[in-house]
Amino acid sequence: QVQLVESGGGLVQAGGSLRLSCAASGLTFSSVTMGWFRQAPGKEREFVAGISWAGGRSSYAASVKGRFTISRDNAKNTVYLQMNSLKPEDTAVYYCAATGSSRITSRNEYTYWGQGTQVTVSS
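Structural notes, computed from the coordinates.

Here Leu27 lies in the loop between strand E3 (18–25) and strand E4 (33–39). Apart from residues lying up to four places away in sequence, Leu27 is in contact with Val2, Val32, Ala98 and Tyr112.

Written as C-alpha cells, this is what we have:
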C-alpha cells in the first residue's frame, strides 16, 4: 500500500521560511516523479513544484520560482520543499504526490497523494 505522509507545515510570518517533508512508502521511490501541490480555500489544487526520479530535472510554478526549492533523498524515500520569503498568498494545504509519468507539472498524471499539511502565512 502506497503511503505519502507530509510534515513540516505550520504558522509563519510573512518573509519567513518553512521546510516541508514527504515520506513515501510502498513504492519504488527512486523510480517516480514527485510533486508538491497546494490548495487554498475555494480554489483549485495547483501545481507548486516537481522533481524527476533522479532529481536531475525540476519545475516550479511561476508564483514560487526563486523562493521555493524542491529536492529529494532517494536513500530516505523523502521529498522536500524548502519555502523561503513566504507570502500570505502562499497560505494553503500542501500535498505531495507521486507519478510514474515524466510529466512533472500535470496534476492529472499524479497517481498517489498524501493527506496534506497546512501552511499559514500571516501578514
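The final tally for this structure, using the stated rule, is five salt bridges. In this structure, Arg38 and Glu46 form a salt bridge, with 2.7 Å as the shortest nitrogen-oxygen distance. On the basis of relative accessible area, Arg38 is assigned to the buried category, the value being 6%. For Glu44, the salt bridge identified is with Arg107, shortest N-O distance 3.6 Å. Of this pair, Glu44 sits in the loop between E4 and strand E5 (46–51) while Arg107 sits in the loop between strand E9 (92–99) and strand E10 (112–113), and the two are 63 residues apart along the sequence. Look at Arg107 and you get partly exposed, because its relative accessible area is 33%. It is possible to trace a salt-bridge network through shared partners that takes in Arg38, Glu46, Arg67 and Asp90.

Below, the discussion takes up the packing of aromatic side chains. The way to describe two aromatic rings as a pair is by their centre distance and the angle between their planes. A full pass over the atoms with the stated rule returns four aromatic pairs. Between Arg72 and the ring centre of Phe29, over which it is positioned, the NZ or CZ distance is 4.4 Å.

It is generally the case that most residues other than glycine have a negative phi and that most peptide bonds are trans. With phi around 55°, Asn77 is a residue other than glycine that occupies positive phi space. Within the fold, Asn77 resides in the loop between strand E7 (68–73) and strand E8 (78–83). The class for Asn77 is partly exposed, based on a relative accessible area of 26%.

Time to look at the nonpolar core. Counting residues in hydrophobic clusters, the biggest one holds 34 residues, and the most contacted among them are Met34, Trp36, Leu81, Met83 and Tyr94. In terms of residue count, the dominant contributor to this core is E9 (five residues). Each residue touching Tyr94, except ones within four places of it in the same chain, is listed here: Glu6, Leu20, Trp36, Phe37, Arg38, Val48, Phe68, Leu81, Met83, Gly116, Thr117 and Val119.

Here we take up the state of the cysteines. Following the criterion strictly, the structure yields one disulfide and no others. The disulfide bridge from Cys22 ends at Cys96, spanning 1.9 Å between sulfur atoms. The S-S bond linking Cys22 to Cys96 shows a torsion near 40°; that makes this disulfide right-handed. Taken as a pair, Cys22 in strand E3 and Cys96 in strand E9 lie far apart in primary sequence, 74 residues in all. Residues Cys22 and Cys96 agree in their burial class; the two are buried.

Within the secondary structure layout, Thr99 lies in strand E9. One polar contact links the side chain of Thr99 to the main-chain carbonyl oxygen of Glu109, over a distance of 2.7 Å. Each residue touching Thr99, except ones within four places of it in the same chain, is listed here: Val32, Thr33, Glu109, Tyr110 and Thr111.

The rules behind these values
- Residues numbered from 1 in each chain as written.
- Predicted model: local features only at pLDDT ≥ 70, side-chain atom pairs only at ≥ 80, totals over all residues.
- Heavy atoms only, no water.
- Helix = DSSP H or I, 4+ residues; strand = E, 2+ residues; numbered from the N terminus.
- Contact = heavy atoms within 4.5 Å.
- Salt bridge = Lys/Arg side-chain N within 4 Å of Asp/Glu carboxyl O.
- Buried < 20%, exposed > 50% of the residue type's maximum accessible area, 1.4 Å probe, protein only.
- Phe/Tyr/Trp six-rings, centres within 6.5 Å; stacked < 30°, edge-to-face > 60°.
- Lys NZ or Arg CZ within 6 Å of the ring centre and 35° of its normal.
- Core = buried A, V, L, I, M, F, W, Y, C linked by side-chain atoms within 4.5 Å.
- Disulfide = S-S within 2.5 Å.
- Polar contact = N/O pair within 3.5 Å; in protein donor to acceptor, adjacent residues only side chain to side chain.

Geometry only, nothing functional implied.
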